[in-house]
Amino acid sequence: MRYGQNPAKLIAEVAQPEKITVAVVTYIPFLEGYYAESLDILKLCLGSIRENTDRPYDLLVFDNASCPEVRSYLVSVRDQGRIQYLVLSDKNVGKGGAWNIIFSAAPGQFVAYADSDVYFHPGWLPAQLALFDEFPNLGMVTGAPLRIPEEFSTSTIEWVAANPDACLERGVLLSWEDWWKHARSLG
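Cut-off values and rules
- Residues numbered from 1 in each chain as written.
- Predicted model: local features only at pLDDT ≥ 70, side-chain atom pairs only at ≥ 80, totals over all residues.
- Heavy atoms only, no water.
- Buried < 20%, exposed > 50% of the residue type's maximum accessible area, 1.4 Å probe, protein only.
- Helix = DSSP H or I, 4+ residues; strand = E, 2+ residues; numbered from the N terminus.
- Pairing = 2+ DSSP bridges.
- Phe/Tyr/Trp six-rings, centres within 6.5 Å; stacked < 30°, edge-to-face > 60°.
- Lys NZ or Arg CZ within 6 Å of the ring centre and 35° of its normal.
- Contact = heavy atoms within 4.5 Å.

A. Broad picture of the pairing of strand S2 (residues 58-63). By the criterion of burial, S2 is predominantly enclosed, with 6 of the 6 residues buried. Judged by which residues are buried, S2 turns out to be covered on both faces: Asp58, Leu60 and Phe62 on one side and Leu59, Val61 and Asp63 on the other are all buried. Across 6 bridges, strand S1 (residues 20-26) lies against S2 in parallel orientation. Note that in S2 the partner of Thr26 across the bridge is Asp63.

Encoded structure:
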């Protein structure tokens, strides 16, 4: 039994989350074969976020049941204050399951998501956030060069039709070189 008053009730102010949560999911089950360099790649990913994000953010890392070496590294980075939210899943819930947890748990108004093999270049964030300022009803922006079939953009097409100031461009708007640079990196 406890006696007295909880000292936490005397805290006048609690830390607030940043407006932006950068979320990374990782799964490195072992450090050999296909995954031999994955821990170094994860370190490069997290370092590129730290070096190339020019706005305040909280970092959320979801570990999808990686090996002990990876989990130990992530705990040490969290203990250094470089990861604000660390989720260590004891089983691999898949990318979709990780997304469900990440997007439910991320406290920021904006969530910038990536896999743990993404390198963040300087200036990656402001251009994407500018789109939310321009289009307040926007739901998602991607930095990945994707050619999305029109049937997956029906809400956007309907919005353009209902807004006379909006302009819809159709066609191949992404150069082959930009698409190939991304696709080639996927292996």
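Don't stop here, the text continues.
B. Region of interest: the packing of aromatic side chains. For the structure shown, the criterion picks out 11 aromatic pairs. Aromatic side chains Phe30 and Tyr35 sit 5.2 Å apart centroid to centroid with 85° between the ring planes, which places their arrangement in the edge-to-face category. Residue Phe30 is classed as partly exposed on the basis of its relative accessible area of 40%. Aromatic pair Phe135 and Trp159: ring centres 5.8 Å apart, planes at 80°, arrangement edge-to-face. One end of the pair, Phe135, is in the loop between helix H4 (124-134) and helix H5 (154-162); the other, Trp159, is in helix H5, with 24 residues separating them in the sequence. According to the relative accessible area criterion, Trp159 is partly exposed, its value standing at 37%. Among the aromatic residues, those joined into a cluster by ring pairs are Tyr27, Phe30, Tyr34 and Tyr35. Positioned above the aromatic ring of Tyr73 is the side chain of Lys43, whose terminal nitrogen or guanidinium carbon lies 5.1 Å from the ring centre.

C. Just the environment of Ile102, in detail. By the secondary structure assignment, Ile102 is in helix H3 (residues 94-105). Sequence spacing of Ile102 and Val61 is 41 residues, and the spatial spacing of their C-alpha atoms is 8.4 Å. Filtering out sequence-adjacent residues up to four positions away, Ile102 remains in contact with Ala23, Val25, Leu60, Phe62 and Tyr113.

D. Quick look at unusual backbone geometry. Unlike most non-glycine residues, Ala65 shows phi in positive territory, near 70°. Looking at the secondary structure, you find Ala65 in the loop between S2 and helix H2 (68-79).

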